Structure formats: structure tokens, C-alpha cells
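The residues making up each chain are set out below.
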Amino acid sequence: NMRKLLIGIALVAFAAPAFADTLKEVTTKGIVLTIQGMDIDVVYTPDGKFTAAEGQVTGTWRIDGDKLCTTSNFQPEEECTAYPKDKKSGDTFELTGPAGTATIKIK
């Protein structure tokens, strides 16, 4: 019946928080990170790796709740940055992390 269906949908929605959608978009489509006027192309692969700045930056990624956690050849200690929820391909938003504020555009 309809009520059971709605309860099922609600449970799924709360079990998989909306911010996971943003991080799924980010890690499947890639991003352009703009910091201090520089556009940096970032590509994520399903095996938990990423490359940026035409291969000059390489590292690993994982999702932890609403955060994207990364390590790289420039930042060997893991850094986790919280992402806003409900963002999708084509969206642009500001993000503040350990390195300061950047603009993120999901490809």
C-alpha cells in the first residue's frame, strides 16, 4: 500500500543522508576547484584515487559521512572537509577547509 511505500522511501532517505549525493556527484563527475584565481581540475576514480593539476597532485579519497577525506603527495596527513548537501553536476559552491576557502564546481 501507499503508506508502506512512503515509510520505505523515508527510511532509505534518512539512511542515506542527502550530503552523500553531493559527494557521489563530486567523486563520479569530478570538480574544478578555484582557489586564489587558479582553476584546478580534479578527477576521482572509483578505486579511491584522485589526480589534480594535470597529474601534478595525486592522492587518495574516501567519504566519511558528509566529509570528503583526502591525502596527497602535497598533504600526506588526511584532511576531511564537510560538503554541503543536495549539490549536483553543474552546481558551484564555496567550501572552507583546512587550506582556506575555495570555489567548487561539479563537472
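Now for a quick tour of the structure. Just so it is clear, the structure is predicted and the values come from calculations on it, not from any experiment. (Residues numbered from 1 in each chain as written. Predicted model: local features only at pLDDT ≥ 70, side-chain atom pairs only at ≥ 80, totals over all residues. Heavy atoms only, no water.)

Points about the nonpolar core
Formed by 18 residues in total, the largest nonpolar core has its most connected members in V26, I31, V42, Y44, L68 and Y83. Counting residues per element, the ones that place at least two in this core are α2 (19-29), β1 (31-35), β2 (38-45), β3 (49-52), β4 (57-64), β7 (92-97) and β8 (100-106). Among all residues touching I31, those that are not within four sequence positions of it are V26, I40, D41, V42, Y44, I104, K105, I106 and K107. (Core = buried A, V, L, I, M, F, W, Y, C linked by side-chain atoms within 4.5 Å. Buried < 20%, exposed > 50% of the residue type's maximum accessible area, 1.4 Å probe, protein only. Helix = DSSP H or I, 4+ residues; strand = E, 2+ residues; numbered from the N terminus. Contact = heavy atoms within 4.5 Å.)

Some thoughts on the pairing of β2
It is a general feature of regular strands that their side chains alternate between the two faces of the sheet. Relative to β2, β1 runs antiparallel, the two being bridged by 5 bridges. Paired with I35 across the two strands is M38, which belongs to β2. Between the end of β1 and the start of β2, which pair antiparallel, lie 2 residues, with Q36 showing a positive phi angle near 50 degrees. As defined by bridge partners, β2 adjoins β3 across 4 bridges and the pair is classed as antiparallel. Residue pairing in the sheet places V43 in a bridge with T51 of β3. Linking two consecutive strands that pair antiparallel, namely β2 and β3, is a turn of 3 residues; a positive phi of about 85 degrees is found at G48 within it. (Pairing = 2+ DSSP bridges.)

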